[in-house]
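Structural description and commentary
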Amino acid sequence: MQIIPAIDIIEGKAVRLTEGDYLQKIVYDHDPVAVAQKFADAGFERLHLVDLDGAKAGRVQNLRILESIADKTNLRIDFGGGVRTNDDVDRVLNAGAWQCTVGSIAASHPELFSQWIKTYGGQKFFVGADVRDETIRVSGWAEDSKLLWNAFFEKMIALGIVEFFCTDISKDGKMLGPAIDLYKRILLAFPKIDLFASGGVSNIEDIRALDAAGCKGAIVGKAIYENLVSLKELAQFNTPC
C-alpha cells in the first residue's frame, strides 16, 4: 500500500469538505506548507494537493502554495483543481508538481486529454474517477457527466493510463468507511490498473480492508486532521513508491 496524505486548499488554508460541498467546509490549518512539511517529516513520499478554489473557478488559483511545498519538501506532489488548458499543465508541472491530477477534462474532453498524454506522457497524470450513483461527476463534483464509471475506465485505459484514484462522493468526508464494494467491482473489471482509494477512511482497519480488496493505496485526509489515525500509524503501514 502507498498512503498519500491529502491537503485541500481554499483561500490559502488547509480545509476539508463533506461530499464535496463547499458549504460544509472545515478549516484545519492556516498554513498548508507547514502541514506538508509535517507529512514529509513523518516519512511520506507523496502528497495529494487539491486546489478547491481552482476546481470551483475552472482555473488554477493556488499555484504559489504548490511552489512553496515543492521548494520546501521532497514530496512527490500530484496537483489538481482548475487544470483546463495546455498552459495550466505547463504551469503546474513547472511549479514542481510530479503529476497533474485530472478528472473533469478526462471525462468531458477526452480528445484534449489524449493530446496532453502525447505531449507529456501518461505518467504525468493521476486520473480521478469521482463517482456518485455509478456515474462520473465533473466540475468540482457539481455536474453529472452521464458517463458510467466502467465506460470512463475503459476510455482511460485505452489512452494508456494505469494509475487511478476513485472517490465515492457519498463517502467523502464522512469517515464512515471507504467504498470497498465499488473498488472490488472496479478491480474485478480492470484487474491490471493501480487503483487508489479516496474518501471514507477513518482508521487503520480501513487501510487493511482496502489492501485486502486489492487497492494499490489510499488517499487519506480528514481522518488525519481529526486525529483518528496518526501519521506514525500510517507511515508504518506505508510502502515506498
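The structure displayed is predicted, hence computed values, not measured ones. (Residues numbered from 1 in each chain as written. Predicted model: local features only at pLDDT ≥ 70, side-chain atom pairs only at ≥ 80, totals over all residues. Heavy atoms only, no water.)

Topic: helix α6 (residues 110-120)
- By the burial criterion, the buried members of α6 are F113, S114, W116, I117 and Y120. Considered in projection along α6, the buried side chains sweep an arc of 155° and stay on one side of the axis. Opposite the buried face of α6, at more than 90 degrees from it, the exposed residues are E111, K118 and T119.
- Against α4 (86-94), β6 (99-102), α5 (104-108), β7 (125-132) and α7 (149-158) lie the buried residues of α6.
- G121 sits one or two positions beyond α6 and adopts a positive phi of about 95°. (Buried < 20%, exposed > 50% of the residue type's maximum accessible area, 1.4 Å probe, protein only. Helix = DSSP H or I, 4+ residues; strand = E, 2+ residues; numbered from the N terminus. Arc of directions from axis to C-beta. Contact = heavy atoms within 4.5 Å.)

Regarding the nonpolar core
- I7, F113, F152, F153, I186 and V220 are the most contacted members of the largest nonpolar core, which has 72 residues in total.
- Contact partners of F153, with chain neighbours within four places excluded, come to A129, F164, I186, F190, I193 and L195.
- In terms of nonpolar packing, the next biggest core, distinct from the first, is built from six residues, A6, F126, F196 and I219 among them. (Core = buried A, V, L, I, M, F, W, Y, C linked by side-chain atoms within 4.5 Å.)

Considering the environment of Y183
- Position of Y183 relative to the elements: it lies in helix α8 (residues 180-189).
- Separated by 50 residues in sequence, Y183 and E233 place their C-alpha atoms 23 Å apart.
- Aside from chain neighbours lying at most four places away, what touches Y183 is C166, T167, D168, P178, L195, A197, S198, L210 and C215.

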